[in-house]
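Listed below, chain by chain, are the residues.
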Amino acid sequence: MNKDLLIFGAIGGGSAMLAFGASYALLETSSLLADFAAHIRLIREENAPLGTIFVVPPQSIVEKRKLDKSGIKKEASVVINEFVSTLEKEGIALDNLYRRFQPHSVQPNLKLAGQYQPSTGILYVDTNNLRETLLRALLEETITFDEDKKFIAHGFERINYDSRENEKIIEHFGYGMNETYKQLFMARHFDLPIRDESLVSLLRMIEEILGTTKLEDVFLTGNLVDLIHSFMSFHTTSTFKRWIKSFDRAYTSLHRGQSYSLSKNNSLLKQLGVTCYRGLFLEIAENYIRYIKRIAQRPGGALTADILLARLDQYLFIPSGDKNPSDYKLKSSDVEAIRAYRDEMFPHRKEPSYVIRPKDSSSIK
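Residues numbered from 1 in each chain as written. Predicted model: local features only at pLDDT ≥ 70, side-chain atom pairs only at ≥ 80, totals over all residues. Heavy atoms only, no water.

Some thoughts on the overall build of the chain
Operational definition: Helix and strand assignments come from DSSP, with helices taken as H or I runs of at least 4 residues and strands as E runs of at least 2, each series counted from the N terminus. Exposure classes here rest on a 1.4 Å probe applied to the protein chains alone. A residue is buried below 20% of its type maximum, exposed above 50%, and partly exposed in between. By definition, residues are in contact when any of their heavy atoms lie within 4.5 Å. All accessible-area figures derive from a Shrake-Rupley calculation using a 1.4 Å probe, and residue coverage is judged against the displayed protein chains alone.
Broken down by element type, the chain carries 12 helices and seven strands. Per-residue burial for the chain yields a buried fraction of 47% across its 365 residues. Considering only contacts within the chain whose residues lie at least 6 apart along the sequence, 65% involve residues at least 24 apart. Put simply, the chain shows about 19,100 Å² of open surface, and 55% of that area lies on carbon and sulfur atoms.

Examining the sheet that holds strand β3 (residues 122-125)
Where we set the bar: Between any two strands, pairing holds if DSSP finds at least two bridges. Axes here refer to lines fitted to C-alpha atoms; in helices the fit is confined to the stretch in contact. Angles between the N-to-C directions go from 0 to 180 degrees.
Spatially, the three strands line up as an open sheet ordered β1-β3-β2, and their pairing is mixed. The sheet is open, and its two borders are formed by β1 (106-108) and β2 (116-117), each paired with just one other strand. Together, β1, β2 and β3 form the strand contacts of helix α4 (residues 130-142), whose direction differs from that of β3 by roughly 150°.

Regarding the sheet that holds strand β7 (residues 169-173)
Taken in spatial order, the four strands make up an open sheet running β4-β5-β6-β7, and their pairing is antiparallel. Pairing within the sheet leaves two strands with one partner each, and these edge strands are β4 (144-146) and β7. The mean angle between the axes of side-by-side strands here comes to 10°, regardless of whether they run parallel or antiparallel. Pairing of strand β5 (residues 151-154) with strand β6 (residues 157-161) involves four bridges; the strand directions are antiparallel. Across the sheet, His 154 pairs through a bridge with Glu 157, a residue of β6. Together, β5, β6 and β7 form the strand contacts of helix α5 (residues 175-190), whose direction differs from that of β6 by roughly 140°.

What to know about the environment of Glu 179
We count it as follows: A 3.5 Å cut-off defines polar contacts: any pair of N or O atoms within that distance qualifies, except that in protein one atom must be a possible hydrogen donor and the other a possible acceptor, and neighbouring residues in sequence count only when both atoms are side-chain atoms.
The residue Glu 179 is located in helix α5 in this model. Glu 179 sits in the partly exposed class, given a relative accessible area of 22%. Separated by 23 residues in the primary sequence, Glu 179 and Phe 156 have C-alpha atoms spaced 8.8 Å apart. Look past the residues within four positions of Glu 179 in its chain and what remains in contact with it is Glu 157 and Tyr 251. A polar side-chain atom of Glu 179 sits 3.0 Å from a polar atom in the side chain of Lys 182.

Considerations on the environment of His 154
Relative to the assigned elements, His 154 resides in strand β5. When its relative accessible area of 6% is taken as the criterion, His 154 is described as buried. Within polar-contact distance, the side chain of His 154 engages the side chain of Thr 144 at 2.9 Å.

Details of helix α12 (residues 332-345)
Count 3.6 residues to each turn of an α-helix, and residues three or four apart come out pointing the same way. Which entries qualify depends on this criterion: Here a helix's expected span is defined as the number of its residues, less one, multiplied by 1.5 Å. As used here, the arc belongs to the directions running from the helix axis to the C-beta atoms.
Across its 14 residues, α12 extends 20 Å between first and last C-alpha, which sits within 8% of the 20 Å expected from 1.5 Å per residue. Asp 334, Val 335, Ile 338, Tyr 341, Arg 342 and Met 345 are the residues of α12 that are buried. Along the axis of α12, the buried residues cluster in a sector spanning 130°; they form a single face. Facing away from the buried side of α12, by more than 90 degrees, are the exposed residues Ser 332, Glu 336 and Glu 344. Contact partners of the buried residues in α12: α10 (268-296) and α11 (302-316).

Looking at the confidence of the model for the chain
What counts is decided by this rule: A score from 0 to 100, pLDDT tells how confident the predictor is in each residue.
Summary statistics for the chain give a mean pLDDT of 81 and a share of 75% for residues scoring 70 or more. Low pLDDT (under 50) marks residues 260-264, which in the prediction has 12 contacts with non-local residues, meaning those over four places away or in another chain. Overall, residues 353-365 carries pLDDT values under 50, and its contacts beyond four positions in sequence, including any with other chains, amount to 25 contacts.

Quick look at the structure:
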């Protein structure tokens with residue numbers, strides 16, 4: 001081959017590589033700027049007032065009846081029957097599902113799979129993952145309440161509208177806590193996989209403090225006012241408001257940070273979200289330890305306190321990055337700080353001779 005051609009090829013190839021490198025660097029810079037802008041927006045939202053918590057209006061009682069599943073395929077009908085029978089056997093009222101459910105309402109949509117559209121009554125599913133996506137959509141339909149474009153409530157989530165402008169959203173909060181609790185609820189009742197174990201561990205501790213029955217009831221009825229009143233028994237309202245906003249920030253950072261990072265490293269948005277998550281975990285864990293201390297001081301409460309302290313060890317144990325690389329991780333210094341606070345509160349507690357680690361921490365229910 002002609003030597004000049006070799007030189008030209010090398011130069012041309014090098015130019016192409018330089019052009020590709022410059023293009024990639026530009027994309028990376030754009031991604032970092034987008035991450036940073038999104039993070040600033042989340043910080044502003046977190047620091048803003050919580051917003052108006054409209055009380056869900058009283059709902060009429062709907063008698064149990066057979067759902068009209070005309071236009072719905074047999075496979076989907078089986079999943080719907082499973083959803084209804086499972087929750088009713090566990091004593092969970094499904095009045096809102098009976099109130100909202102419509103025939104011809106199950107539709108495939110890969111992008112929106114697992115979601116419920118209140119304005120149309122449509123349950124979106126992935127036909128290749130029908131059971132999981134339809135169960136999730138049915139849950140969303142069950143916990144959805146609205147009042148004539150004044151607000152929409154999904155469990156812990158609120159979307160508030162401007163009464164002067166049709167469908168203009170002026171406040172949206174609670175979605176991080178809500179999406180996380182959905183995972184815990186569906187794992188508990190239907191053995192669905194938990195996607196964000198790190199965030200779910202935060203809600204497990206809150207649930208221990210407030211009680212599973214209380215948290216599930218608020219989640220299913222959208223009664224955030226009752227949740228705040230319950231929360232006030234062990235902390236201030238301002239703390240609750242900050243926690244629910246921090247959940248939004250941590251959840252958004254985690255999932256936005258997963259979706260469009262161009263490099264092998266985590267995106268800037270997720271890295272900044274880790275800081276938010278770690279601070280939230282430390283604060284909730286300290287409250288959890290103080291709650292356990294109160295339990296221990298009750299007559300006969302020592303055994304229950306030991307069980308809860310063992311659970312704390314499990315909450316600190318998050319699956320390895322190889323198993324779930326997208327999840328958040330605590331630093332060893334965080335774990336040490338939590339354990340130091342635990343030892344300060346329980347100075348005479350003896351460490352167990354061994355700690356059983358679950359193969360999958362989602363087995364903690």
